[in-house]
Amino acid sequence: MELPWSESGAGEPLVVLRWFTPEHSAKPAAGERPVLAALGERFRVHAVNRAPGMPEGTTMADVAGQHAEAIGKRFGGPVDVLGMSSGGSLALQLAADHPEAVRRLVVAGAAYTLPPHTRLAQRRYTEAVAAGRRGAHHLAPLAGANPLTRAFFTALMWLADPAIRPADPRDMLRFAQAEDSFDLRDRLAEIEVPALVVGGERDLAYTPGLFRETADGLPYGKLLVYPGASHLGTFRHKRFAADVAGFLRP
């Protein structure tokens, strides 16, 4: 199965497993472009999305297998991998199931499992959109830290929903269902490559504790937490690209 794949920048290759996207396309979303551009100043960035046409019952292991096959065909050996948000979940699965594909690993804004509140928000969002209803407002608890900001984001996302709704929501629903059951806590010790976990102190989708548990469970894991950073603020942090490069190219 062909994966949506785009390349930019110059330097040593870095496979970037993209964050959760409504459309499984090769074209990066507007919010991703500054992040990929900053990485592209230091690497030849290979930004990869999940394959369209996911069958019902697809698991995270299935998705990781598709990526391992694509990496093997393109590079013929292991490569550095950065996973952002849902891409970080996938990166951990890839490293655990297919160690031949991963040389070094960066997991940003992700952990060995989704916390219950994030799993619930993502499930409500994708199921509502798949049923033809507005659903983006279900993600408001991951954007607003207090009742006032959550109310603001609920209204804003409800209004914006039709503009960001995918033409065919089945792919994002099936990936969300795969990530819903994702839990790699008991397999972190199998990932025997240098690994960096990057998180934001004020990430509402995860917790600093989950980032710490993930890093501690990896045999060669390191942790970097940005003070005051939100979930998206982790990737947009002024030090993010440099810190990734510093870890992968010391």
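Look up a bit, the structure's there.
A. How the structure looks around helix α1 (residues 33-40). Restricting attention to buried positions, one finds in α1 the residues Val 35, Leu 36, Leu 39 and Gly 40. Taken around the axis of α1, the buried residues stretch over an arc of 135°, which confines them to a single face.

B. Layout of the packing of aromatic side chains. Taken as a whole and assessed by the stated rule, the structure comprises seven aromatic pairs. With centroids separated by 5.8 Å and ring planes inclined at 35°, the aromatic side chains of Tyr 206 and Phe 211 adopt a geometry described as tilted. For Phe 211, a relative accessible area of 0% gives the class buried. Through a chain of ring-to-ring contacts, the aromatic side chains of Trp 19, Phe 235 and Phe 240 assemble into a single cluster. The ring of Phe 175 carries the charged tip of Arg 50 above its face, separated from the ring centre by 4.4 Å.

C. Summary view of the side chain of His 46. Considering the arrangement of structural elements, one finds His 46 in strand β3 (residues 44-48). Judged by relative accessible area, which is 6%, His 46 ranks as buried. Side-chain polar atoms of His 46 contact the side chain of Trp 5, separated by 3.2 Å. Apart from residues lying up to four places away in sequence, His 46 is in contact with Trp 5, Ser 6, Glu 7, Pro 13, Leu 14, Val 15, Val 16, Arg 74 and Phe 75.

D. Summary view of the pattern of salt bridges. Enumeration according to the criterion identifies 16 salt bridges in this entry. With a closest N to O distance of 2.9 Å, Arg 239 and Asp 243 form a salt bridge. For Arg 239, a relative accessible area of 41% gives the class partly exposed. Put simply, Asp 80, Arg 103, Arg 104 and Arg 249 are held in one network by salt bridges that share partners.

E. Molecular detail of the pairing of strand β6 (residues 195-200). Burial analysis of β6 places six of its six residues in the buried class, which makes it a mostly covered element. Here β6 shows no split at all, with Ala 195, Val 197 and Gly 199 on one side and Leu 196, Val 198 and Gly 200 on the other all buried. Relative to β6, strand β5 (residues 102-108) is paired through four bridges, and the arrangement is parallel. Each residue of the ladder has a partner; that of Val 107, found in β6, is Val 197. Two elements, β6 and strand β7 (residues 221-226), share six bridges in a ladder whose sense is parallel. Residue Val 198 lies in a different strand from β7, and its bridge partner there is Leu 224. Crossover β6 to β7 through helix α7 (residues 208-217) is right-handed.

F. Here's a closer look at the pairing of β5. Extensive coverage of β5 is indicated by the burial of six of its seven residues. Inspection of the sheet shows strand β4 (residues 79-84) paired to β5 by five bridges, in the parallel sense. If you follow Val 81 over to β5, its bridge partner there is Leu 105. Each parallel crossover has a hand, and for β4 linked through helix α3 (residues 86-97) to β5 it is right-handed.

G. Region of interest: the sheet that holds β3. Sheet architecture is open: seven strands sit in the order β1-β3-β2-β4-β5-β6-β7, paired in mixed fashion. Every interior strand has two partners, whereas the edge strands, β1 (5-9) and β7, have only one. Taking the axes of each pair of neighbouring strands and ignoring which way they run, one obtains an average angle of 20° across the sheet. Pairing of strand β2 (residues 13-17) with β3 involves five bridges; the strand directions are parallel. Counted as the bridge partner of Pro 13 is Arg 44 from β3. Relative to the sheet, α1 contacts β1, β2, β3 and β4, its axis offset from that of β3 by approximately 150°.

H. Seen up close, α7. Within the sequence span of α7, burial applies to Leu 210, Phe 211, Thr 214 and Ala 215. Angularly, the buried residues of α7 cover 130° about the axis, an arc narrow enough to put them on a single face. Of the surrounding elements, those touching the buried residues of α7 are α3, β6 and β7.

What counts as what
Residues numbered from 1 in each chain as written. Predicted model: local features only at pLDDT ≥ 70, side-chain atom pairs only at ≥ 80, totals over all residues. Heavy atoms only, no water. Buried < 20%, exposed > 50% of the residue type's maximum accessible area, 1.4 Å probe, protein only. Helix = DSSP H or I, 4+ residues; strand = E, 2+ residues; numbered from the N terminus. Arc of directions from axis to C-beta. Phe/Tyr/Trp six-rings, centres within 6.5 Å; stacked < 30°, edge-to-face > 60°. Lys NZ or Arg CZ within 6 Å of the ring centre and 35° of its normal. Polar contact = N/O pair within 3.5 Å; in protein donor to acceptor, adjacent residues only side chain to side chain. Contact = heavy atoms within 4.5 Å. Salt bridge = Lys/Arg side-chain N within 4 Å of Asp/Glu carboxyl O. Pairing = 2+ DSSP bridges. Right-handed = clockwise from strand over helix to strand, strands pointing away. Axes fitted to C-alpha atoms, helices over the stretch in contact; angles between N-to-C directions.

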